[in-house]
Amino acid sequence: MNRLFPIIVISAFALVFAACGNDDDLDGDKLVVQKSEIDFDANGGKGFIEVSAYHDVEVTSDTDWCIPTISNNIITLDVGVNKELTGRTSLITITKGHEIVKVAVTQGGFIFDMEAIDNLYFSPEGGTNRISIKSVLPLNIEIRNDWLKYEIVDNEIVFEAEPTENNQPRINKITITAGERHVVIPVVQNSYASLLGNWKISYTDIDGILTERDIELTLLQDGQSYIMSGLPYGGACIVSYNQNNGHLVINSGQYMGALGQYAVYLCVSDPIAEQFTISVDAQYEGMADVEKADDVFALSFKDNGTWGRFTAGGLSYAAFSAKITDGEYLGDLERFIGLSMVKQ
């Protein structure tokens, strides 16, 4: 019996060792990644990493936008939306005992590409307009007034406007949101004829006082231009109608006539740079003001890029000692800073 005991003990230890060896074989010899889905676009979503080990595996992430959770040998990745233009990478660290495996999870940046557009224009008869757009994030489109509808077709937003009543001009507002990107598009529906008549203009005058004045637009050249009358000192100027966008345009360098000893010109001015120009190429453009109430047709005049490095921010009555070819600039008689118009 004494001789058999060591053999029995050794055999028992051998069985225990063999059993332990079989468990390790089931869990794999090394910690390795077997399969994965770790590349994401800006929308994010779910992915996974499948590893060889089933037990005592831990996982961490070095970012808060990629959250890993583990069940058995499957690591699930929960990736949030990337609202930035650039891509990003999250490092997932998987450990089992002394073994470490690192996996880089990548996510593309936010892509938002829309054609440059200042506003949408519709004639009083209504119709459709299209805007090309590409976004990897879902689009949210809001329209202030329901006379304008839309649908998304492939990489375009198709807008359809209803006809106006009694040829009345109107303004709408489109807001397009994708991620953190917000685009506001003014909508104008009018015609040359619909802008004839009475308006109220407002502006900051030469003394810095906010001033209102009643003016009238009357026909000059049908479909193209008006006479704006009712300006200070009995003045009147030419206002052009842009048939492409429904805007009104005032060109610089218009001769307003003689006022006492002065020859007066209507000039586009840059109040910040304290500059003005007599060049007829410089313009001050009346664009749809979407911040006014729904039932108001209002235009706010702004720079349209026609004056080079200066920014059109107003108009001025520039007084000269004589007509331009012979005259010397003497000063301003009046200024119209931040000009806006509301149809009456």
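Up top you'll find the structure we're talking about.
Reading the values: the criteria
- Residues numbered from 1 in each chain as written.
- Predicted model: local features only at pLDDT ≥ 70, side-chain atom pairs only at ≥ 80, totals over all residues.
- Heavy atoms only, no water.
- Core = buried A, V, L, I, M, F, W, Y, C linked by side-chain atoms within 4.5 Å.
- Buried < 20%, exposed > 50% of the residue type's maximum accessible area, 1.4 Å probe, protein only.
- Contact = heavy atoms within 4.5 Å.
- Helix = DSSP H or I, 4+ residues; strand = E, 2+ residues; numbered from the N terminus.
- Polar contact = N/O pair within 3.5 Å; in protein donor to acceptor, adjacent residues only side chain to side chain.

K.L.:
Looking at this structure, how should I read the nonpolar core?
P.N.:
For soluble globular proteins, the rule of thumb is that nonpolar side chains tend to be buried together. One finds L217, M228, L248 and M341 to be the most contacted residues of the largest nonpolar core, which totals 37 residues. The residues contacting L248, other than those within four sequence positions of it, are L195, L217, Y226, V239, S240, Y241, Y284, E285, G286, L299, F301 and M341. With 21 residues, the next largest nonpolar core counts F110, L137, I141 and I157 among its residues.

K.L.:
Mind showing me how you'd approach the side chain of E50 here?
P.N.:
Within the fold, E50 resides in strand β3 (residues 45–51). The contact partners of E50, leaving out residues within four places of it in the chain, are V32, V33, Q34, K35, N73 and I74.

K.L.:
What exactly am I supposed to notice about the side chain of Q107 here?
P.N.:
Relative to the helices and strands, Q107 is located in strand β8 (residues 99–107). You can call Q107 buried: its relative accessible area is 3%. At a separation of 3.4 Å, a polar atom in the side chain of Q107 contacts the main-chain carbonyl oxygen of A42. Of note is the side chain of Q107, whose polar atom sits 2.8 Å from the backbone oxygen of G80. Aside from chain neighbours lying at most four places away, what touches Q107 is F40, D41, A42, N43, G44, W65, V79, G80, V81, N82, G87 and R88.

Scope: geometric values only; no functional claims are made or implied.
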